[in-house]
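# Secondary and tertiary structure notes
Residues per chain are reported as follows:
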Amino acid sequence: MEHASHGPDPVRRHALRALLAAAGAGALPARLRAATPAPAPACPGPWREWQAFVARHVEQDGRVVDFANPDLRSTSESQSYGLFFALVDNDQLLFERILAWTRRHLSGGRADLNLPAWLWGRAGDGSWRVLDPNTAADGELWIAYALLEAGRLWNRPGFTAAGRQVLALMRKAEVVDLPGFGTMLLPGNRGFAHGDSWTLNPCYLPLFAFRRFALADPKGPWAKLAERSVALLRRAAPNGFAPDWIRWNGRAFVTDPDKGPMGSYDAIRTYLWAGITHPADPLRKPLLEALSGPLRMLRAQGAFAEKVDVRNGVGIGTPPPGFAAALLPYLAAHGQGALVRAQATLVPASGAAADSLPYYDRCLVLFGKGWVDRRYRIAADGRLQPAWSTPCSAKR
């Protein structure tokens, strides 16, 4: 590899960075260029939030731990997020450790045959094991996405093949055709189909991931799922607020009787995924229009809520700092620079407040603030664009 001293001199590097920033701004619609805060440096420095997350939540063997529960759990979600962030940080060794733990403990050592169990931790008898063998489509989706992109970005064909294996298993176990609606991804392989109705989770349906999967598996259901995911939100969020859970009864989306009408800790990710979707995706505009609730609430009240009754748009409770971080890309996508800056002040950057954030808040910060800091972008076809894969990579 060429040493950094062989690259452009500092003046030329500064000029190149300015040109890249200008080119990136030119690719955005004028209304976003005018309202979005000035971009962070094109080549961000060390990812302090991720380093702190690894120190607290990632064990040496690759297990990602959520300490908020007494079972000291790890989930397919936590492992999948660990894979994604390790990829964004260009850390192949950590990626491999997290993947190895996931395969060994959640997939029974046969990731080619088994989707990962969603929950692992300390059982009541003190043993450490799978606590619930059911699957969780959001964790599998992010594992597949991370594997496909790791294979492409790191030129690791084995990862690409493994990502396609996960997609094949998901197609078999969790993709269904809902009568009267069409292709949909169930939240897991058991417990979500009720004979004549189906429970769904909107935050398990990131549009850009389905775009990427359609590239890897063009004969699969992913292009249809991209379209159906937006159609779901346009019908399931009549007041612009995503529900945590929703039920399809064969004719309409109705409140899930077991989960209730609230949008909260799950729904916040629906806004996050919409925000990081590329502006050139033709479904991004209708997606953002369907999710107008948080923007209206912030404009009217100056604050978001921990829980929102999606039937009437009434919110209660003070949201945790992670919610503010998750809303940053969403507000930027709406061209709301002032609201982006206001929400950013609610996200602790360092010190005791940042160190005390629990697992989930830290994940939302890594996704939301990481995007604002330009550590990654998602292309229109769903491909990941980490900062290190840009001209920054010549300087690392």
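We now turn to the structure provided with this report. Just so it is clear, the structure is predicted and the values come from calculations on it, not from any experiment.

## Here we look at the overall build of the chain
Helix and strand counts for the chain stand at 16 helices and 13 strands. The 396 residues of the chain split such that 53% are buried. In the form shown here, the chain has an accessible surface area of approximately 17,000 Å², with 54% of it arising from carbon and sulfur atoms.

## Observations regarding the packing of helix H6 (residues 137-153) against helix H8 (residues 207-216)
Here H6 crosses H8 at 55 degrees, and the two axes come no closer than 10 Å. Taken together, the axes of H6 and H8 are oblique relative to one another. The handedness of the crossing between H6 and H8 is left-handed. Contact with H6, carried on its side by Leu141, Trp142, Ala144, Tyr145, Leu148, Glu149 and Arg152, involves Phe208, Ala209, Phe210, Arg212, Phe213 and Ala216 of H8 and no other residues of that element. Residues belonging to the contact of H6 with H8 are distributed by class as follows: 10 nonpolar, no polar and three charged.

## Focus on the packing of helix H4 (residues 76-88) against helix H16 (residues 359-372)
It is at 11 Å that the axes of H4 and H16 come closest, and there the two elements cross at 30 degrees. The angle between H4 and H16 falls in the class roughly parallel. As for how H4 packs across H16, the hand of that crossing is left-handed. Seen from H4, the contacting residues are Glu77, Ser78, Tyr81, Phe84 and Phe85; seen from H16, they are Tyr359, Tyr360, Cys363, Leu366 and Phe367. Taken together, the residues of the contact of H4 with H16 break down into eight nonpolar, one polar and one charged.

## A look at the pairing of strand S4 (residues 175-178)
As judged from the four bridges shared by S4 and strand S5 (residues 182-185), these two strands associate in the antiparallel manner. Counted as the bridge partner of Leu178 is Gly182 from S5. Counted along the chain from S4 to the antiparallel partner S5, the turn is three residues long, and its residue Gly180 has a positive phi close to 85 degrees.

Rules and cut-offs
The written sequence of each chain sets the order in which its residues are numbered from 1. Local features are withheld for residues below a pLDDT of 70 in this predicted model, meaning they are given only at 70 or higher, and side-chain atom pairs are given and counted only at 80 or more; totals for whole chains, interfaces and linings count all residues. As a rule here, side-chain values cover all heavy atoms of the structure and leave hydrogens and water aside. Here a helix means four or more residues in a row that DSSP labels H or I, a strand means two or more in a row labelled E, and each is numbered from the N terminus. Accessible area is worked out with a 1.4 Å probe on protein chains only. A residue is then buried under 20% of its type maximum, exposed over 50%, and partly exposed in between. With residues, only the protein chains shown are counted as cover, and all accessible areas are computed by Shrake-Rupley using a 1.4 Å probe. Axis lines are fitted through C-alpha atoms, for helices just across the contact stretch, and the angle between N-to-C directions can take any value from 0 to 180 degrees. Roughly parallel means an angle under 35 degrees; roughly antiparallel means over 145; roughly perpendicular covers 65 to 115; every other angle is labelled oblique. The handedness criterion is simple: a crossing whose near helix is rotated anticlockwise from the far helix by less than a right angle is left-handed, and one whose near helix is rotated clockwise is right-handed. Any two residues whose heavy atoms approach within 4.5 Å are treated as being in contact. The residue classification treats Ala, Val, Leu, Ile, Met, Phe, Trp, Tyr, Cys and Pro as nonpolar and Asp, Glu, Lys and Arg as charged. All others, Gly included, are polar. Pairing between strands is defined by DSSP: at least two bridges between them are needed.

The values reported here are purely geometric and, on their own, carry no functional implication.
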